[in-house]
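Single-letter residue listing:
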Amino acid sequence: MIPAWIVEYAALLGRGLQTTLIILLVSSVFGYLLAVLVALARISKNKVIAKVSLFYTSVTRGTPLLIQIYIYYYGLGSLFAQFPLIRGSFLWPYLRDGYWYIVFALVVSMGAYVGEVIRGGLLAVPKGEMEAASAFGMTARQSLLRVRLPRALRLLLPTLAAETVMLLKSTAFASTIAVIDLLGAANVVRAQTLQVYEPLLLVAGVYVCLTFLIEALFAFAERRGTPVRRSA
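Residues numbered from 1 in each chain as written. Predicted model: local features only at pLDDT ≥ 70, side-chain atom pairs only at ≥ 80, totals over all residues. Heavy atoms only, no water.

**Observations regarding a nonpolar patch on the surface**
- A contiguous nonpolar surface patch, about 410 Å² in accessible area, is contributed by Leu25, Val29, Phe30 and Leu33.
- Tracing the backbone through its elements, the reader meets Leu25 in helix H2 (residues 10–42). (Patch = residues over 30% accessible without salt bridge, like charges linked within 9 Å, V, L, I, M, F, W, Y side chains within 5 Å. Areas by Shrake-Rupley, 256 points an atom, 1.4 Å probe, with all protein chains shown as cover. Salt bridge = Lys/Arg side-chain N within 4 Å of Asp/Glu carboxyl O. Helix = DSSP H or I, 4+ residues; strand = E, 2+ residues; numbered from the N terminus.)

Next up, the structure:
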């Protein structure tokens, strides 16, 4: 039998789950795009670009994500509020909403962590494959987009799955800045029903299911990307 509090707060929990999934989707898409750019910057022959990207990854990975979120939300958010021009602009409804700060923080964090992972993958691509691409007449850009980057991402699929799971768990920080994600909805239920553990156990179960789903999707992609060897 379904507990009464689940039936009563099902809509709230559903909206919280939807918010969590949207944050995960948006952050992962833009986070992976940023990570590719960071990885390319890290291996760039331009020393300025390489040093700037190294500074970015070092600072981002060297500070706790929760502190970064607080700096963006309470620091930048308070700074923006002091400018009447910003408060009167069409951007203010977005700049005062914690939702966009958590997305921004996750994208920045994802770019730093996954960027270093992809950098390692790019360096691990055998030189013979790049020489073969050059022999086929590909330019450096074409060989990067058609050979080196796809090959690196294929090698890194298990690691990228783990990073995506970590991103999923990091979305729970949204509840610390008044965003009603899945954990935030559970906290509302706990406050209004005095159910201490049950909502948290429900949320934990949902996160576990989402983790299994993410791992299954990456495993499927890994199987599709692995060539099948046929016996002679």
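So, next bit.
**As for the confidence of the model for the protein chain**
- Taken over all residues, the pLDDT of the protein chain has a mean of 89, while the share at 70 or more is 97%.
- With pLDDT under 50 throughout, residues 228–232 is counted as low confidence; its partners more than four residues away or in other chains account for zero contacts. (pLDDT = per-residue confidence, 0-100. Contact = heavy atoms within 4.5 Å.)

**Some remarks on the side chain of Asp181**
- Within the element layout of this structure, Asp181 appears in the loop between helix H10 (157–170) and helix H11 (182–193).
- Setting aside chain neighbours within four positions, we find Asp181 in contact with Gly16, Thr19, Thr20, Thr171, Ala172, Ala174, Ser175 and Tyr207.

**With respect to H10**
- Across its 14 residues, H10 extends 20 Å between first and last C-alpha, which sits within 8% of the 20 Å expected from 1.5 Å per residue.
- Within H10 the residues assigned to the buried category are Leu157, Leu160, Ala161, Glu163, Thr164, Val165, Leu167, Leu168 and Ser170. (Expected span 1.5 Å × (residues − 1). Buried < 20%, exposed > 50% of the residue type's maximum accessible area, 1.4 Å probe, protein only.)

**Focus: the layout of surface pockets**
- When its volume is computed, the largest pocket comes out at roughly 290 Å³.
- As for the largest pocket, its lining consists of 14 residues, and the residues nearest its centre are Met130, Ala140, Ser143, Leu144 and Arg148.
- Those elements that place two or more of their residues in the lining of the largest pocket are helix H8 (127–135) and helix H9 (140–155).
- A per-element tally of the lining of the largest pocket places H9 first, with five residues.
- Across the lining of the largest pocket, the residue classes tally to seven nonpolar, four polar and three charged. (1 Å grid on protein atoms, 1.4 Å probe; cavity = no way out; pocket = protein on both sides within 12 Å on 5 of 7 lines; lining within 4 Å. Points joined across faces, edges and corners; volume = space filled by probe spheres on them. Nonpolar A, V, L, I, M, F, W, Y, C, P; charged D, E, K, R; others polar.)

**Comments concerning the pattern of salt bridges**
- Following the criterion strictly, the structure yields two salt bridges and no others.
- Here Arg42 ties to Glu116 by a salt bridge, and the two come within 2.6 Å at their closest N and O atoms. With Arg42 in helix H2 and Glu116 in helix H7 (residues 98–124), this residue pair connects regions lying 74 residues apart in the sequence.
- With a shortest N-O distance of 3.1 Å, Glu116 and Arg119 are connected by a salt bridge. Of the two residues, Glu116 and Arg119 both sit in helix H7, three residues apart, roughly one turn of that helix.
- Relative accessible area serves as the criterion here: at 23%, Arg119 is assigned to the partly exposed category.

**Examining the nonpolar core**
- The biggest cluster of nonpolar side chains holds 43 residues, and the ones touching the most others in it are Ile23, Ile102, Val114, Ile118 and Phe218.
- Elements represented by at least two residues in this core include exactly H2, helix H4 (65–81), H7, H9, H10, H11 and helix H12 (198–225).
- Per-element accounting of this core gives the leading share, 13 residues, to H7.
- Not counting residues up to four positions away in its chain, the partners in contact with Ile102 are Ile23, Ile69, Phe173, Ala174 and Ile177. (Core = buried A, V, L, I, M, F, W, Y, C linked by side-chain atoms within 4.5 Å.)

**Concerning unusual backbone geometry**
- A positive phi angle, near 65 degrees, is found at Ala178, a position not held by glycine.
- Take Ala178: it is sitting in the loop between H10 and H11.
- Since its relative accessible area comes to 66%, Ala178 is described here as exposed.
- Despite not being glycine, Leu194 shows a phi value in the positive range, around 65 degrees.
- Structurally, Leu194 can be placed in the loop between H11 and H12.

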